Amino acid sequence: MIRKGFKIKYLQLKTYASMKVDASSEPVQEYDVISGEFYPDRTLVPLVLTPIIGYTDPNTNTDVPNAAAQLTDGHWYRLDNLSGGKCEAATEIYSGSKYSIDTSVGSPTYGRIIIKENIQPGNPVTFVFRATLAHPKGDVVMKEISWQARSKSVENLPVLTLDNASESRYNPWEDTDLLTLTPALIPAVSGAVFAWESLNNSVWGAVDSTHYDFGISISGNAITIKRSQMPDRIDLRCKATYTKGGKSHTDTVYASVVRLLPHFEYDIINLAGIRETDKSVAPMAKITTAKGVITDPKGEVTVKWYNSADSLVGQGVNPVIPLSSIGSNLELGLDIQDAGGYKCIELSNGDWLVDASGNTIITR
């Protein structure tokens, strides 16, 4: 009998590695050079990196995609333009206020690091993870994974907005009277100053600096328009002045309100046969829009009645008109026109009329 010994040839593991970045972690930060703020702010939304080390065992044809439970001796290093490019004691990082590292041997997330550090533009940081993979059959492999965090500079000025439409139409028969416009900078800027101006006679001036701004009032940063007393059109602008990044900035937003009656039609009702003893008639004007009959025109239209000779014989929705003014042919004419917005009463010398309290007198 002949005997001869032999050995089992054990093939080395085929290892692979990658870095998993949590979905909530933006890969690149933005640094606003004006506000000095980061987005995202890593102190509030940390960067979370999880090293994934796996292997294929050619001896058993098995694959282990995550061998975290078999990792030991894990170390993290931080490399940037100032620290140099070596993974050594001087560049190693540990759990603390900026970093939290999973160092529990056997953990399925062994080596995971939570980074609460904002990266300065122009100085990217490479985070390097090293660990030892120990296979039960005796293979010991040192693996290294790196991931670079960086930041880019941007200039994001806040946007000046209004909480209501900047251009609006006022329908006196359907819309509410008061309209308030409140400006805001988004994102908000501490110490911002807001100033409202109105356009009158093609000249911009501070609101309430002229007698043309009747029906407009300011409370805090907001402006309120009493539209039932407005002229045909109001043009406004708001200027916001603020300081960001050590620089002074001014932004402007415009707003306009236009008084506009809807299309309407009219007819004469309550005008039927009269008795011989009657001395007058009381016709009624029926005003209709697409939404129905206007029971109270609120003075927004002028309602005039004429006889057959086109002489004015009455005014108002439901006047009492003497028959003597109508004429023998007993015919009435009705004309309804938009009365327009309010105006202040000015004298030839440029002065304007006010009441005993100093309020501007307005009329249509």
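All of these numbers come straight from a predicted model, not from anything done at the bench.

Draft legend 1. Local environment of the overall build of the protein. Each helix and strand counted, the protein has one helix and 31 strands in total. Taking 2.2 N^0.38 as the reference for a compact globule, 364 residues should give roughly 21 Å; the C-alpha atoms of the protein span a radius of gyration of 41 Å, well beyond that estimate. Projected onto its principal axes, the C-alpha positions of the protein cover 155 × 55 × 25 Å. Taking all 364 residues of the protein together, 35% fall into the buried category. Taking contacts inside the protein between residues at least 6 apart in sequence as the whole, the part at least 24 apart equals 62%. Per element, the accessible surface of the protein, about 21,300 Å² overall, is 50% carbon and sulfur. If the 34 positive side-chain charges of the protein are averaged to one point and the 41 negative ones to another, these points end up 15 Å apart.

Draft legend 2. Layout of the nonpolar core. In terms of nonpolar packing, the biggest core is built from 25 residues, with L49, W76, I113, I115 and F127 touching the most fellow members. Within the residue set of this core, elements represented by two or more residues are strand 4 (47–57), strand 6 (71–79), strand 8 (99–101), strand 9 (113–115), strand 10 (125–134) and strand 11 (140–154). The element contributing the most residues to this core is strand 10, with five residues. L162, I216, A240 and V253 belong to the second largest nonpolar core, which has 23 residues in total.

Draft legend 3. Main features of the sheet that holds strand 11. Pairing within the open sheet is mixed, and its six strands lie in the order 3-2-11-10-6-7. If you trace the sheet from one side to the other, it starts and ends with strand 3 (37–39) and strand 7 (92–93), each paired once.

Draft legend 4. Quick peek at the packing of aromatic side chains. Counted by the stated rule, this structure contains five aromatic pairs. For the pair Y31 and F38, a centre-to-centre distance of 4.8 Å together with 45° between the ring planes defines the contact as tilted. Seen in terms of ring centroids, Y99 and F127 are 6.4 Å apart; in terms of plane orientation they differ by 70°. Their pairing is edge-to-face. Note that Y99 is positioned in strand 8 and F127 in strand 10, a separation of 28 residues in sequence. Note on accessibility: Y99 and F127 belong to one class, buried. Over the face of the ring belonging to Y77 we find R130, whose NZ or CZ atom lies 5.7 Å from the ring centre.

Draft legend 5. Highlighting the sheet that holds strand 18 (residues 216–219). One open sheet holds the three strands; their spatial order is 14-19-18, and the pairing between them is antiparallel. Either end of the sheet is taken by a strand with one partner, and the two such strands are strand 14 (178–181) and strand 18. Between one strand and the next, the sheet's axes are offset by a mean angle of 20°, whatever the strand orientation.

Draft legend 6. Expanded view of unusual backbone geometry. Here the residue pair Y39 and P40 is connected by a cis peptide bond, since its omega of -10° sits within 30 degrees of zero. For P40, the position within the fold is in the loop between strand 3 and strand 4. Of note, the bond from I186 into P187 is cis; its omega dihedral lies within 30 degrees of zero at -5°. Secondary-structure assignment places P187 in the loop between strand 15 (183–186) and strand 16 (193–200). The backbone phi angle of N61 is positive, close to 55°, even though this residue is not glycine. Relative to the helices and strands, N61 is located in the loop between strand 4 and strand 5 (62–64). By relative accessible area, N61 is classed as exposed at 69%.

Draft legend 7. Quick look at the side chain of E117. Inspection of the secondary structure puts E117 in the loop between strand 9 and strand 10. Within the structure, the side chain of E117 is placed 2.7 Å from the side chain of Y99, a separation counted as a polar contact. Those residues in contact with E117, other than ones at most four positions away along the chain, are Q29, R42, R78, Y99 and F127.

Draft legend 8. Structural view of the environment of I294. By the element assignment, I294 lies in the loop between strand 25 (292–293) and strand 26 (301–306). Setting aside its immediate chain neighbours within four residues, I294 contacts W173, I287 and T289.

The rules behind these values
Residues numbered from 1 in each chain as written. Predicted model: local features only at pLDDT ≥ 70, side-chain atom pairs only at ≥ 80, totals over all residues. Heavy atoms only, no water. Helix = DSSP H or I, 4+ residues; strand = E, 2+ residues; numbered from the N terminus. Rg over C-alpha atoms; globule rule 2.2 N^0.38 Å. Buried < 20%, exposed > 50% of the residue type's maximum accessible area, 1.4 Å probe, protein only. Contact = heavy atoms within 4.5 Å. Areas by Shrake-Rupley, 256 points an atom, 1.4 Å probe, with all protein chains shown as cover. Lys, Arg positive; Asp, Glu negative; His and termini not counted. Charge placed at Lys NZ, Arg CZ, Asp CG, Glu CD. Core = buried A, V, L, I, M, F, W, Y, C linked by side-chain atoms within 4.5 Å. Pairing = 2+ DSSP bridges. Phe/Tyr/Trp six-rings, centres within 6.5 Å; stacked < 30°, edge-to-face > 60°. Lys NZ or Arg CZ within 6 Å of the ring centre and 35° of its normal. Axes fitted to C-alpha atoms, helices over the stretch in contact; angles between N-to-C directions. Polar contact = N/O pair within 3.5 Å; in protein donor to acceptor, adjacent residues only side chain to side chain.

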